[in-house]
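Analysis of the macromolecular model
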Amino acid sequence: MIAVAYHANYSKYDLGEAHPLLGDKPKRTLEFLMEKNVEMKVFEPEPVTYEELLAVHPKGFVEEIKNLSEFGGMLAVDTPAPKGIYDTARTASGGTKIMGVKVMEEFFCGVNLLGGFHHAGVDTASGFCFFNDIAVAVEFLRKKYGIKRFLVIDLDVHHCNGTQEIYYKDNSVLVVSMHQDGRTLYPGTGFIDEIGEDDGKGFNVNIPLPPGTGNKSYLYAFDEIIPRIAKQFKPEIIFYQSGVDTHHSDPLANLNLTFDVYHDLGKRVRDIAMDTCKKLVVCLGGGYSLEPSVKSYYNIVSGILDLKDFVSEKNIPDKKIDDVKNVVSYVKNKLADYWKV
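This report concerns the structure included in the present document. (Residues numbered from 1 in each chain as written. Predicted model: local features only at pLDDT ≥ 70, side-chain atom pairs only at ≥ 80, totals over all residues. Heavy atoms only, no water.)

**Digging into the pairing of strand S1 (residues 2–5)**
Residues Ile 2 and Val 4 line one face of S1 and the alternating positions Ala 3 and Ala 5 line the opposite face, and both faces are buried. As defined by bridge partners, S1 adjoins strand S2 (residues 40–43) across four bridges and the pair is classed as parallel. Residue pairing across strands places Ile 2 opposite Met 40, the latter belonging to S2. In terms of strand pairing, S1 meets strand S5 (residues 109–112) through three bridges, oriented parallel. Within S5, the residue paired with Val 4 across the bridge is Val 111. (Buried < 20%, exposed > 50% of the residue type's maximum accessible area, 1.4 Å probe, protein only. Helix = DSSP H or I, 4+ residues; strand = E, 2+ residues; numbered from the N terminus. Pairing = 2+ DSSP bridges.)

**Quick word on the sheet that holds strand S9 (residues 237–241)**
Pairing in this open sheet of eight strands is parallel, and the strands run S2-S1-S5-S10-S9-S6-S7-S8 from one edge to the other. If you trace the sheet from one side to the other, it starts and ends with S2 and strand S8 (204–209), each paired once. In this sheet, neighbouring strand axes are inclined to one another by 15 degrees on average, regardless of whether the strands run parallel or antiparallel. Alignment of strand S7 (residues 173–180) against S8, held across six bridges, turns out to be parallel. Counterpart to Met 178 in the pairing with S8 is Ile 207. (Axes fitted to C-alpha atoms, helices over the stretch in contact; angles between N-to-C directions.)

**Examining the state of the cysteines**
Under the criterion given, the structure shown has zero disulfides. There is no disulfide at Cys 277, and the cysteine sulfur nearest it, in Cys 109, is 11 Å away. Note on Cys 277: relative accessible area 10%, which makes it buried. (Disulfide = S-S within 2.5 Å.)

**Topic: the environment of His 57**
Looking at the secondary structure, you find His 57 in the loop between helix H2 (50–54) and helix H3 (59–71). His 57 sits 75 residues away from Asn 132 along the chain, and the two C-alpha atoms are 8.5 Å apart. Other than its neighbours up to four places away in sequence, His 57 contacts Val 62, Ala 120, Gly 121, Val 122, Phe 131 and Asn 132. Only 3.0 Å separates the side chain of His 57 from the backbone oxygen of Gly 121, close enough to count as a polar contact. (Contact = heavy atoms within 4.5 Å. Polar contact = N/O pair within 3.5 Å; in protein donor to acceptor, adjacent residues only side chain to side chain.)

**Remarks on the nonpolar core**
If you look at the biggest cluster of nonpolar residues, it comprises 113 residues, and the most contacted ones within it are Ile 207 and Phe 239. At nine residues, the largest contribution of residues to this core is made by helix H7 (residues 215–233). Beyond its immediate stretch of four places on either side in the chain, Phe 239 contacts Thr 96, Ile 134, Ala 137, Val 138, Leu 141, Phe 150, Leu 151, Val 152, Ile 153 and Val 281. (Core = buried A, V, L, I, M, F, W, Y, C linked by side-chain atoms within 4.5 Å.)

**A short note on helix H4 (residues 85–105)**
The terminal C-alpha atoms of H4, which comprises 21 residues, lie 30 Å apart, in line with the 30 Å expected from a rise of 1.5 Å per residue. Within H4, 17 of the 21 residues are buried, leaving the element largely enclosed by the surrounding structure. (Expected span 1.5 Å × (residues − 1).)

**Digging into the side chain of Asp 181**
Position of Asp 181 among the secondary structure elements: in the loop between S7 and S8. If we skip the residues at most four places from it in the chain, Asp 181 touches Phe 191, Pro 208 and Leu 209.

**Some words on the packing of H7 against helix H8 (residues 259–275)**
Two elements in contact, H7 and H8, have axes whose closest approach is 11 Å; the angle formed by their N-to-C orientations is 10 degrees. Judged by the angle between their axes, H7 and H8 are roughly parallel. Taken together, the residues of H8 that come into contact with H7 (itself represented by Asn 215, Tyr 218, Leu 219, Phe 222, Asp 223, Ile 226, Pro 227, Ala 230 and Lys 231) are Val 261, Asp 264, Leu 265, Arg 268, Val 269, Ile 272 and Asp 275. In the contact of H7 with H8, the residues fall into 10 nonpolar, one polar and five charged. (Parallel < 35°, antiparallel > 145°, perpendicular 65-115°, else oblique. Nonpolar A, V, L, I, M, F, W, Y, C, P; charged D, E, K, R; others polar.)

**A look at the side chain of Glu 194**
By secondary structure assignment, the location of Glu 194 is in the loop between S7 and S8. There is no salt bridge for the buried Glu 194, and the closest opposite charge comes from Arg 183, which lies 10 Å off by N-O distance. One polar contact links Glu 194 to Gln 164, side chain to side chain, over a distance of 3.0 Å. Here Gly 190 takes part through its backbone nitrogen, which lies 3.0 Å from a polar atom of the side chain of Glu 194. (Lys, Arg positive; Asp, Glu negative; His and termini not counted. Salt bridge = Lys/Arg side-chain N within 4 Å of Asp/Glu carboxyl O.)

**Thoughts on the packing of aromatic side chains**
For the coordinates displayed, the defined rule picks out 11 aromatic pairs. A ring pair is formed by Tyr 6 and Tyr 10, whose centres lie 5.7 Å apart and whose planes are at 80 degrees; its orientation type is edge-to-face. With centroids separated by 6.2 Å and ring planes inclined at 80 degrees, the aromatic side chains of Tyr 86 and Phe 131 adopt a geometry described as edge-to-face. Taken together, the positions of Tyr 86 in helix H4 and Phe 131 in the loop between S5 and helix H5 (133–145) put the pair 45 residues apart, joining distant regions of the chain. In terms of burial, Tyr 86 and Phe 131 fall into one category: buried. Clustering of aromatic rings is evident, with ring pairs tying together Tyr 13, Phe 117 and Phe 130. Here the guanidinium or amino end of Lys 97 rests over the ring plane of Phe 140, the centre of that ring lying 4.5 Å away. (Phe/Tyr/Trp six-rings, centres within 6.5 Å; stacked < 30°, edge-to-face > 60°. Lys NZ or Arg CZ within 6 Å of the ring centre and 35° of its normal.)

So this is what it looks like as structure tokens:
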């Protein structure tokens, strides 16, 4: 059984009719999980507090979003701030926080149906993200439970520039991001040589993949780097940002994954968690085509639960294996002084 965070107000995280973010995706995902009879216990999150936000974001930034939220406005060119978004975004962050608590105290896995807002930096909001829910949860859990090692595995197609910024000098949070090459996609960051600074050097890992990367290449890159580093780091809790905008149908990116690979990824991340800390928080991140996103999310949950039932589709020929092998080789060389890869 898994824990699931859902609130009716999740549907209010809607940035407008013409915006690619899909407001009813969390509700549709919950309905699909129920239709598939997934064993789960649903928890309704409370909004994180003002003080909990301040553990990550400066007061002026939080106040700006709070003030914009009163009447609505624009925070960034791609991130309008609709009326009420302050409370809605705090509730979404509350979902990640409560899943962290449930995982620490009762469940092996907790899934937040609206989370993974990894483009929110220390004092910047963009990419549809206001507050960095994973960082807010990390800081809450650090204080409450005294955790010393956090692992963030971010598989959204877009680089986690906000999470990287927040923890770039911090060796207690290992951030691993596998994403489409920033030279070809927003936010234009996440290159191999971005490995952290000061105490955090070696604790920021980027695996940028070429457009057109398919299932075989993607899983090869994952297997060659992520489990090896994770086991050496020995995390006490894992956050999995499970964006599915890597699917071939997604309108905002150019990778060629199919439904089957999300089941494989769910199993792989579960195995990493089982081999290390037995504590896994899943944040269902990006995905901008509704039906494929919902099915992909289900496959991730199915893989984590080791279910035989999952959605399948015809494979797409993968012509990028040599390119991806080159990327993996460069990443390994860059990390050789820090990890046995």
